[in-house]
Amino acid sequence: PPRCGGAGAGPAERAGRAGGRALRSRRELRAARLRCRRRCRGQVRLAAAGPGAGGDLPFFGSVLRRAGCVRRCEEPLLGAASRHRAAEEVRADFQRRVPYSYLQRAYIQLNKLEEAANAAHTFFMANPEHMEIQQDIENYKTTAGKVSLIDWEAKQHMEDYSAGVRHYDKEEYKLAIDFLERALKGYYSEDEDCQIMCEGPQRFEEHEYLEYKAGLYEAIADHYMQVLACKHDCVRELATRSGRISPIENFLPLHYDYLQFAYYRVGDYIKALECAKSYLLFHPDDEDVLENAGYYEGLLEGTVDPDTIKPRKEAKMLLRRHKLESHLLQVAAAGLGYTYTEPNYWNRYGARQDEHSVPSSISSEPEDGPRLSLAKKPMPKPDRELKEGGPLLYSDVKFVYNSQQLNGTQRVLLDNVISEEQCRELHRVASGIMLAGDGYRGKTSPHTPNERFEGATVLKALKYGYEGRVPLKSARLFYDISEKARRIVESYFMLNSTLYFSYTHLVCRTALSGQQERRNDLSHPIHADNCLLDPEANECWKEPPAYTFRDYSALLYMNADFEGGEFIFTEMDAKTVTASIKPKCGRMISFSSGGENPHGVKAVTKGQRCAVALWFTLDPLYRELERIQADEVIAMLDQEHLGPSEMNINPKDEL
């Protein structure tokens, strides 16, 4: 059939074209608005208000002329406003790049694998928690050969910044300078665009528009404060990767921080001093950069007057504007009843991540030259002191490895947490209560199409036991061993507050026959338990949809009669394996749930791998509801004199 034209095109091709048109028209809409608003800014300057009666007329006259200019420019290009007004849900879908998910499927149907891979990658960059898309990308790499993935919605200034940092880390300073300078130019251009786009329609959050009865100045203030808040937040917008909530901390100042040292290393001391002074606009008390600036001034002594070298104008202007915006927002909050809290836009937690020796002279590297951050970027300070090595509480539990031996932080490996007999009994319970897709929103293969996942919760086990569908003693065993695991974790990591269950899940994953040849995927992709792992940015974003309230995790294994299925820890790059653990009956791995412990599971290629997965929280607000209900069932059973399973876990056995 013909490949062009509406009548002859198949459903996939029509869907692909429609998706492409939707994305293209959205970009064209933004470009047209930017072009018109920028042109009218230049053509109609806002006049200053004069004194006395009618003194405000020149100002409001210029406002009216600019509004007319924008309308006359936009209408021929865009038509009536109703033509391109989209519902909030539609705008949110575009923000989350949902059209690329549909576009990927259309390209698959058309057998355009490279385009499908790029569409999937573009969607995944804004939705890193989407395991199915991640698996799709891995499949494209296998079926389409070498695929160079392209993010079709990439922010160019962000791409240039990342490239500059990569060259900096490789000590390729000239290339680093080229990319970082390009990133700065792009940043300031995007900042201007962001400011202009904030001048569009705003929502009056506290008022119904048709019933809005505010006076002239209250109405103007209401609208302008929302515009101003939008403009003020452009700093955060430009520092935030697509699909994230949290920005790269200290993003704009970091450009100047990298540049000041890069220029020093290529011998351009004037530019080095200029960038150091630009950085100090944001952080005037940074001791290292203050010392660097002094050192550069010494190198220039006798050739250039250091006082003639000023911070960059664009940095100075942006910071001055940002401070004035902040002042106006705070004035509005005090005088007009707004609620406003000024964020820390230039948080100095963000720092260069280099390990270079500290150079200190032109010909060698003595001790008094420019200083850099000599360690990797520190992890955020936890709200508790990290400890480990506390008592294991039970005489039969065997210590195997600690954090240091597992090449990480807050990790422990233990054996004999449960016995061989208890493993067998728990396995029998599992076979009677598990359902395919339980715990995975009904998806039987949530992480890989090559394995089937089945699961069950503690409450379900107890209900089945109470109803006589499985032996009650065996059902209670699941409850008791999970409590034993919780007490061990709480004690070993020496937590000074109660550790609560966040989620408890008995899960088995089974290799599907006929689908194991040439597997290159994981049973569970590399992830962290309380943040969104971003390997490219070397970050873990602690924000929804991650389970940000989780503090500790544990996996208690039930068997070893399968192939593959090793548990692995990696670096933040999700590639460099730091520890690999082979499951067996009674073995338990426990660790803190944050970005310091990325982990995953290698493919199960034969047999069935079963474990009790446990996640814990220190916040009682996030206690597992089913666990609370299970506690009530246990209390009821105890009242009926149906005692605990033969677990020997009462406190008399503590060491």
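Throughout this description, residue numbers start from 1 for each chain and increase along the sequence as written. Local features in a predicted model are, by the rule used here, given only for residues with pLDDT of at least 70; side-chain atom pairs are given and counted only at 80 or more, and totals for whole chains, interfaces and linings are based on all residues. Side-chain measures were taken over the full set of non-hydrogen atoms in the model, leaving aside hydrogen atoms and water.

Novice: How would you explain the overall build of the protein chain if you had to name every residue and give the values?
Specialist: Counting from the N terminus, the helices are DSSP H or I runs at least four residues long and the strands are E runs at least two residues long. Secondary structure summary: the protein chain contains 18 helices and 15 strands in total. Residues classed as buried in the protein chain amount to 48% of the 655 residues present. Taking the contacts inside the protein chain whose residues are at least 6 apart along the sequence as the reference set, 73% of them involve residues at least 24 apart. Roughly 33,900 Å² of accessible area belongs to the protein chain as shown, and the carbon and sulfur atoms make up 51% of that amount. Burial here depends on accessible area, computed with a 1.4 Å probe over protein chains only, as a share of the maximum for the residue type. Under 20% is buried, over 50% is exposed, and the range in between is partly exposed. Whether two residues touch is decided by their heavy atoms; if any such pair falls within 4.5 Å, the residues are in contact. Methods summary: accessible areas were calculated by the Shrake-Rupley approach with a probe of 1.4 Å, and residue burial reflects only the protein chains presented.

Novice: Outline the nonpolar core, listing residues and values.
Specialist: Of all hydrophobic cores here, the largest spans 52 residues; its most connected members are Y161, Y187, Y188, L252, Y256, Y296 and W346. Mapped onto this core, the elements with two or more residues apiece are α7 (156–169), α8 (173–197), α10 (234–238), α11 (251–265), α12 (269–282), α13 (287–300) and α14 (313–336). Looking at this core, the element that brings in the most residues is α11, giving 10 residues. Filtering out sequence-adjacent residues up to four positions away, Y256 remains in contact with L184, Y188, C275, S278, Y279, F282, R312, E314 and A315. Only buried Ala, Val, Leu, Ile, Met, Phe, Trp, Tyr and Cys residues count toward a nonpolar core, and they belong to the same one when joined by side-chain atoms within 4.5 Å.

Novice: Let's hear about the packing of aromatic side chains: which residues, and what values?
Specialist: Remark: the centre distance and the inter-plane angle together describe each pair of aromatic rings, the angle taken between the planes. Two aromatic rings from Phe, Tyr or Trp, using only the six-membered ring of Trp, form a pair when their centres are within 6.5 Å; if the ring planes differ by under 30 degrees the pair is stacked, by over 60 it is edge-to-face, and anything between is tilted. The full count for this structure, using the stated rule, is 24 aromatic pairs. Summarising the aromatic geometry, the rings of Y264 and Y269 are spaced 6.0 Å apart at their centres and angled 40° between planes, so their arrangement reads as tilted. Residue classification places Y264 among the buried residues on the basis of a relative accessible area of 6%. When the ring of Y295 is compared with that of Y296, the centres are 6.4 Å apart and the planes differ by 65°; the resulting orientation is edge-to-face. Y296 carries the same exposure label as Y295, and that label is buried. Ring-pair connections join several aromatic residues into one group, and the members of that group are Y161, Y168, Y173, Y187, Y188, F251, Y258, F261, Y264, Y269, Y295 and Y296. When the NZ atom of lysine or the CZ atom of arginine is within 6 Å of a ring's centre and also within 35 degrees of its normal, the charge is said to sit over that ring. The ring of F179 carries the charged tip of R182 above its face, separated from the ring centre by 4.8 Å. Positioned over the ring face of F569 is R411, at 3.8 Å from the centre of the ring.

Novice: Before we move on, could you go through the side chain of R609 and cite the residues and values that matter?
Specialist: Among the structural elements, R609 can be located in strand β15 (residues 604–617). Positive charges are assigned to Lys and Arg, negative charges to Asp and Glu, while His and the chain termini are left out of the count. Between Lys or Arg on one side and Asp or Glu on the other, a salt bridge is scored when a side-chain nitrogen of the former is within 4 Å of a carboxyl oxygen of the latter. One buried charge, R609, has no salt-bridge partner; the nearest side chain with opposite charge is E566, at 7.6 Å. Between N or O atoms, a polar contact is any pair within 3.5 Å; within protein, one atom must be a potential hydrogen donor and the other a potential acceptor, and residues adjacent in sequence are included only when both atoms are from side chains. Within the local environment of R609, its side chain forms a polar contact with the side chain of Y557, the two groups lying 3.5 Å apart. Looking at R609, its side chain comes within polar contact range of the main-chain oxygen of G565, at 2.8 Å.

Novice: Outline the pairing of strand β14 (residues 599–602), listing residues and values.
Specialist: Note on pairing: DSSP must find at least two bridges between two strands before they are called paired. Bridge analysis of strand β6 (residues 522–527) against β14 gives three bridges, and the strand direction is antiparallel. Paired with H527 across the two strands is H599, which belongs to β14. The pairing of strand β11 (residues 567–570) with β14 spans three bridges and is classified as antiparallel. Each residue of the ladder has a partner; that of F569, found in β14, is H599.

Novice: Residues and numbers for unusual backbone geometry, please.
Specialist: Phi is positive for R97, close to 65°, though the residue is something other than glycine. Inspection of the secondary structure puts R97 in the loop between α3 (88–95) and α4 (98–109).

Novice: How would you summarise the sheet that holds β11 if you had to cite specific residues and measurements?
Specialist: With antiparallel pairing, the four strands of this open sheet are ordered in space as β6-β14-β11-β12. Each having just a single partner strand, β6 and β12 (577–581) make up the two edges of the open sheet. Within the sheet, the average angular offset between the axes of one strand and its neighbour, ignoring direction, is 20°. Inter-axis angles, ranging from 0 to 180 degrees, are taken between N-to-C directions of lines fitted to C-alpha atoms, where helices are fitted over the stretch in contact.

Novice: How would you summarise the state of the cysteines if you had to cite specific residues and measurements?
Specialist: Note on terminology: pairs of cysteine sulfur atoms within 2.5 Å are recorded as disulfides. All told, the structure shown has seven disulfides when counted by the stated rule. At a sulfur-sulfur separation of 2.0 Å, the disulfide partner of C36 is C73. Between C36 and C73, the disulfide has an S-S torsion of -75° and is therefore left-handed. With C36 in helix α1 (residues 11–43) and C73 in helix α2 (residues 57–78), this pair connects stretches of sequence that are 37 residues apart.

Novice: Go over α13, please, and point to the residues and values.
Specialist: Here, expected helix span is obtained from the residue count minus one, scaled by 1.5 Å. Here α13 is 14 residues long and its end C-alpha atoms lie 20 Å apart, about the 20 Å a rise of 1.5 Å per residue gives. Within the span of α13, buried status applies to V289, N292, A293, Y295, Y296 and L300. Seen from one end, α13 has its buried residues packed into an arc of 165°, which puts them on one side. Next to the buried residues of α13 lie α11 and α12. By the N-cap criterion, in which a side-chain oxygen at the helix start approaches the backbone nitrogen of a residue two or three places on, α13 is capped by D286, the distance to D288 being 3.1 Å. The positive-phi residue at the C-terminal boundary of α13 is G302, with phi of around 90°. Working definition: the arc comes from the directions between the helix axis and the C-beta atoms, pointing outward to the latter.

Novice: An account of α2 is needed here, citing residue identities and associated values.
Specialist: With 22 residues, α2 should cover 32 Å at 1.5 Å per step; its first-to-last C-alpha distance of 31 Å lies within 8% of that length. Here α2 has its buried residues at G61, S62, R66, C69, V70, C73, E74 and L78. Looking one or two residues past α2, G79 carries a phi angle of roughly 80°, positive in sign.

Novice: Please set out the packing of α11 against α13 residue by residue, giving values where relevant.
Specialist: One way to put it is that α11 packs onto α13 with a least axis distance of 12 Å and a crossing angle of 30°. With respect to α13, the axis of α11 lies roughly parallel. Judged by the twist between their axes, the crossing of α11 over α13 is left-handed. On the side of α11, the interface is formed by D257, Q260, F261 and Y264, while α13 contributes V289, N292, Y295, Y296 and L299. For this scheme, ten residues count as nonpolar: Ala, Val, Leu, Ile, Met, Phe, Trp, Tyr, Cys and Pro. Four count as charged, namely Asp, Glu, Lys and Arg, and the remainder, Gly too, count as polar. When its residues are assigned to classes, the contact of α11 with α13 shows six nonpolar, two polar and one charged. When describing relative orientation, an angle under 35 degrees is termed roughly parallel and one over 145 degrees roughly antiparallel, while 65 to 115 degrees is termed roughly perpendicular and anything else oblique. Note on convention: near helix rotated counterclockwise from far helix by under a right angle means a left-handed crossing. Clockwise means right-handed.

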